[in-house]
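Each chain, written out:
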Amino acid sequence: MKGSYTVSVQNKRVKYEFLIRRNITVLQGDSATGKTTLVDLIREYQLNGLESGINLSCEKKCVVLEGNDWEKMLPLFDDCIVFVDEGNRFISSADFARKIKNSSNYYVLITRESLENLPYSVDEIYGIHISGKYAGLKQIYHEFYHIYSGNFDFSTSDICKILTEDSNSGFEFFKGLVVDKFICESAGGKSNIFQILNESADTFLVIADGAAFGSQMAAVMKLIQRKKNCILFLPESFEYLILQAKLFKDTEIDAILKNPSDFIDSAEFFSWEQFFTSLLSEKSAETFLRYAKRKLNPNYLSENIKAKILGSTAFSAIRKIL
């Protein structure tokens, strides 16, 4: 599945309306915020259709996956938006992650846990709030809001180290970019970032792939609020930053960056980071900037190319720091 889809579901008392635009959406929040009610409405409509008294509008079929037979049920869903409530223990399992990889479905996962086995975006973690009522039926209206808005604090001048998520091309680029200004270290994976920040007295600029950093966000944000020793820079991925720099004269790249949802097929790519890596590798293959994730092409560290990448709009938030 690719594209973005508006889901609208309602009965006489409540209405939900929200946009789904990636293969994995995570819905968080405290009890009594309406998460379970949303799943109940979709389940009831799935079982009884319009006879349930529920109206559900979406271009794609919306279904609920639950219970001990979830592995048998999952293959029956194709090109659907699949909702899973937090009462289902399988939601955090490695088996579930393997089963939904390269799936033709989109998934809305309702959980207060951090799903370590899944590569979900910090931009697709939502809560539910009530935005108003319809006067006639006194119907409560619910919609999603971003839990992490992306407006992180970039004002501090106390940065002394750069910490990158990976140890490959992204790390090599940022190390070369700040060689005379900062120490640049690799965390060796996103799951190590929390421990490094927690154990260090240094102040870091952390650069990680926002497209797959969702499982780390809750813990890292709580740590930042307590220690105040980190600034987060979470672009989709390092490859996304390069593509944003317009190093390749390619109208297809421009169209993709404008609306990635229309081009990224969940059956092929488990995360947008994987897609942007594939896209950059393809578009650069016959050029002097041929890209490989494991080892950086040294041409990316030429002064001209570094300046173009750093000058792109994607770097605007941290340009003064670098």
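We now turn to the structure provided with this report. (Residues numbered from 1 in each chain as written. Predicted model: local features only at pLDDT ≥ 70, side-chain atom pairs only at ≥ 80, totals over all residues. Heavy atoms only, no water.)

1. Structural notes on the overall build of the protein chain
Stage number 1. Looking only at helices and strands, the protein chain has 10 helices and 13 strands in total.
Stage number 2. Relative to the globule expectation of 20 Å for 322 residues, the C-alpha radius of gyration of the protein chain, 21 Å, shows essentially globular dimensions.
Stage number 3. Viewed in the frame of its principal axes, the protein chain has a C-alpha envelope of about 65 × 45 × 40 Å.
Stage number 4. Within the protein chain, buried positions represent 52% of all 322 residues.
Stage number 5. Taking as baseline every contact in the protein chain between residues at least 6 positions apart, the subset at least 24 positions apart corresponds to 64%.
Stage number 6. Accessible area of the protein chain: about 15,500 Å², with a carbon and sulfur share of 47%.
Stage number 7. Distance from the positive charge centre (38 side chains) to the negative charge centre (41 side chains) of the protein chain: 3 Å. (Helix = DSSP H or I, 4+ residues; strand = E, 2+ residues; numbered from the N terminus. Rg over C-alpha atoms; globule rule 2.2 N^0.38 Å. Buried < 20%, exposed > 50% of the residue type's maximum accessible area, 1.4 Å probe, protein only. Contact = heavy atoms within 4.5 Å. Areas by Shrake-Rupley, 256 points an atom, 1.4 Å probe, with all protein chains shown as cover. Lys, Arg positive; Asp, Glu negative; His and termini not counted. Charge placed at Lys NZ, Arg CZ, Asp CG, Glu CD.)

2. Describing helix H4 (residues 169-177)
Given 3.6 residues per turn, any residue in an α-helix points the same way as the ones three and four places further on.
Stage number 1. When you tally the buried positions in H4, you get 7 out of 9 residues, the bulk of the element.
Stage number 2. Within the span of H4, buried status applies to Ser-169, Gly-170, Phe-171, Phe-173, Phe-174, Gly-176 and Leu-177.

3. Some thoughts on the pattern of salt bridges
Should their charged atoms come close, side chains of opposite charge can pair.
Stage number 1. In total, this model carries 19 salt bridges according to the counting rule given.
Stage number 2. In this structure, Glu-66 engages Arg-43 in a salt bridge whose closest nitrogen and oxygen atoms are separated by 2.8 Å. Separated by 23 residues along the polypeptide, Glu-66 in the loop between strand E5 (61-64) and helix H2 (70-73) and Arg-43 in helix H1 (residues 35-48) bring together distant segments of the chain.
Stage number 3. The class for Arg-43 is partly exposed, based on a relative accessible area of 21%.
Stage number 4. Between Asp-254 and Lys-246 there is a salt bridge, with its nearest N and O atoms 3.5 Å apart.
Stage number 5. Given the relative accessible area of 61%, Lys-246 is considered exposed.
Stage number 6. Connected via shared salt-bridge partners are Arg-21, Arg-22, Asp-123, Glu-124 and Glu-236. (Salt bridge = Lys/Arg side-chain N within 4 Å of Asp/Glu carboxyl O.)

4. Considering the packing of H4 against helix H10 (residues 303-310)
Stage number 1. Where H4 contacts H10, the two axes come as close as 11 Å, and the packing angle between them is 100 degrees. Taken together, the axes of H4 and H10 lie roughly perpendicular to each other. Taking contact as the criterion, the partners of Phe-173, Gly-176 and Leu-177 in H4 are, on H10, Lys-306, Ile-309 and Leu-310.
Stage number 2. When the residues that make up the contact of H4 with H10 are grouped by side-chain class, the tally is 4 nonpolar, 1 polar and 1 charged. (Axes fitted to C-alpha atoms, helices over the stretch in contact; angles between N-to-C directions. Parallel < 35°, antiparallel > 145°, perpendicular 65-115°, else oblique. Nonpolar A, V, L, I, M, F, W, Y, C, P; charged D, E, K, R; others polar.)

5. Observations regarding the side chain of Ser-271
Stage number 1. Tracing the sequence through the fold places Ser-271 in the loop between helix H8 (251-258) and helix H9 (272-284).
Stage number 2. Excluding residues within four positions of it along the chain, Ser-271 makes contact with Pro-119 and Ala-211.

6. Comments concerning the packing of aromatic side chains
Stage number 1. Taken as a whole, this structure holds 16 aromatic pairs when the rule is applied.
Stage number 2. Ring geometry for Phe-233 versus Phe-315: centroids 5.7 Å apart, planes at 40 degrees, classification tilted. With Phe-233 in strand E13 (residues 230-233) and Phe-315 in the segment after H10, this residue pair connects regions lying 82 residues apart in the sequence. Exposure class is identical for Phe-233 and Phe-315. Each is buried.
Stage number 3. Following the ring pairs from residue to residue traces out a cluster consisting of Phe-173, Phe-174, Phe-233, Phe-238, Tyr-291, Tyr-300 and Phe-315.
Stage number 4. Against the face of Trp-272 rests Arg-22, its NZ or CZ located 3.5 Å from the ring centre. (Phe/Tyr/Trp six-rings, centres within 6.5 Å; stacked < 30°, edge-to-face > 60°. Lys NZ or Arg CZ within 6 Å of the ring centre and 35° of its normal.)

7. A few points about the sheet that holds strand E11 (residues 183-186)
Stage number 1. Strand order in the open sheet formed by 4 strands is E11-E10-E12-E13, with parallel pairing between adjacent strands. With one partner strand each, in any of the chains shown, E11 and E13 form the two edges of the open sheet. Mean inter-strand twist for the sheet, computed between neighbouring axes without regard to direction, equals 25 degrees.
Stage number 2. Sheet topology places strand E12 (residues 204-207) next to E13; 4 bridges connect them, and they run parallel. The residue of E13 that forms the bridge with Phe-204 is Cys-230.
Stage number 3. Contacts from H4 reach strand E10 (161-164), E11 and E12, with the element oriented near 170 degrees to E11. (Pairing = 2+ DSSP bridges.)

8. Topic: the environment of Arg-43
Stage number 1. For the pair Arg-43 and Asn-88, spaced 45 residues apart in sequence, the C-alpha separation works out to 14 Å.
Stage number 2. Aside from chain neighbours lying at most four places away, what touches Arg-43 is Val-64 and Glu-66.
Stage number 3. Side-chain polar atoms of Arg-43 contact the side chain of Glu-66, separated by 2.8 Å. (Polar contact = N/O pair within 3.5 Å; in protein donor to acceptor, adjacent residues only side chain to side chain.)

9. Topic: H10
Stage number 1. Those residues of H10 that fall on the buried side of the exposure criterion are Ile-305, Lys-306, Ile-309 and Leu-310. Angularly, the buried residues of H10 cover 130 degrees about the axis, an arc narrow enough to put them on a single face.
Stage number 2. Looking at the buried residues of H10, the elements they touch are H4 and helix H7 (238-244). (Arc of directions from axis to C-beta.)

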